[in-house]
Amino acid sequence: MSKVTEVVEELATPIVNDLGLELVDVEYVKEGRDWFLRLYIDKENGVDIEECGTVSERLSEKLDELDPIPHNYFLEVSSPGAERPLKKEKDFINSIGKNVFIKTYEPIDGEKSFEGTLLEYDGQTVKLEIKVKTRKKTVEIPFGKVASARLAVTFG
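Let me begin by describing the structure that accompanies this report. Quick caveat, the model's predicted, so the values are computed rather than measured. (Residues numbered from 1 in each chain as written. Predicted model: local features only at pLDDT ≥ 70, side-chain atom pairs only at ≥ 80, totals over all residues. Heavy atoms only, no water.)

**Concerning the sheet that holds strand 1 (residues 22–31)**
Moving on, step 1. The sheet built from three strands is open, its strands ordered 1-2-3 with mixed pairing. Whereas interior strands pair on both sides, the edge strands pair on one side only; in this sheet they are strand 1 and strand 3 (74–78). The average undirected angle you get between the axes of adjacent strands in this sheet is 15°.
Moving on, step 2. Pairing of strand 1 with strand 2 (residues 34–42), which is carried by nine bridges, proceeds in the antiparallel orientation. Bridge pairing in strand 2 links Val29 to Phe36.
Moving on, step 3. Along the sheet, helix 1 (residues 2–18) makes contact with strand 1 and strand 2, crossing strand 1 at roughly 145°.
Moving on, step 4. Taken strand by strand, helix 2 (residues 49–66) contacts strand 2 and strand 3, and its axis lies near 145° from that of strand 3. (Pairing = 2+ DSSP bridges. Helix = DSSP H or I, 4+ residues; strand = E, 2+ residues; numbered from the N terminus. Axes fitted to C-alpha atoms, helices over the stretch in contact; angles between N-to-C directions. Contact = heavy atoms within 4.5 Å.)

Pasting the structure below:
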């Protein structure tokens with residue numbers, strides 16, 4: 001599956017860049033009997049349906065031309081949403097000062113899930129300020145132990 005996402009990322013990146021957008025993520029997943037190829041795109045103030053449609057049309061042409069996927073699938077192009085995933089180094093850097101949710105591969109201080117303000121990212125370590133009851137605590141998470149990370153919406 002990673003080969004498909006790599007090929008699609010190579011095809012989609014120039015299309016997305018040409019439109020002044022960012023390719024956030026590419027997923028190729030099976031749900032039930034169907035395969036889905038999902039691209040998440042974004043820009044500073046969010047993307048609209050026309051931009052998603054344009055990327056979908058241009059990418060569809062390239063995929064039809066090269067035919068890198070051997071079976072039927074559904075192509076979906078959308079915004080990553082308010083809780084966009086943090087995958088690349090620049091995602092972490094751009095999210096400093098924002099509320100994030102991180103899951104780790106193994107426990108750190110007995111926990112595998114952390115939500116708090118992203119204070120720092122240096123390429124090796126993610127530093128978060130989390131709330132524990134009424135006090136604040138700083139947690140350092142080695143980047144290699146991060147299983148998944150995303151922005152976290154807060155209310156209030």
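**Quick word on the packing of aromatic side chains**
Moving on, step 1. Here the structure, examined in full by the defined rule, presents five aromatic pairs.
Moving on, step 2. Residues Phe92 and Tyr121 carry aromatic rings whose centres are separated by 5.1 Å and whose planes lie at 25° to one another, so their mutual orientation is stacked. Taken together, the positions of Phe92 in helix 3 (residues 89–94) and Tyr121 in strand 5 (residues 111–121) put the pair 29 residues apart, joining distant regions of the chain.
Moving on, step 3. You can call Phe92 buried: its relative accessible area is 1%. (Phe/Tyr/Trp six-rings, centres within 6.5 Å; stacked < 30°, edge-to-face > 60°. Buried < 20%, exposed > 50% of the residue type's maximum accessible area, 1.4 Å probe, protein only.)

**Remarks on the nonpolar core**
Across soluble globular proteins, you tend to see nonpolar side chains buried next to one another.
Moving on, step 1. If you look at the biggest cluster of nonpolar residues, it comprises 21 residues, and the most contacted ones within it are Val8, Leu23, Leu37, Leu39, Ile41 and Leu59.
Moving on, step 2. Listing elements by their share of this core, those giving two or more residues are helix 1, strand 1, strand 2 and helix 2.
Moving on, step 3. Leu86, Val100, Ile141 and Val146 belong to the second largest nonpolar core, which has 16 residues in total. (Core = buried A, V, L, I, M, F, W, Y, C linked by side-chain atoms within 4.5 Å.)

**A few points about the pairing of strand 3**
Moving on, step 1. As defined by bridge partners, strand 2 adjoins strand 3 across five bridges and the pair is classed as parallel. The residue of strand 3 that forms the bridge with Phe36 is Phe74.
Moving on, step 2. Since strand 2 and strand 3 lie parallel, the crossover through helix 2 that links them has a hand, and here it is right-handed. (Right-handed = clockwise from strand over helix to strand, strands pointing away.)

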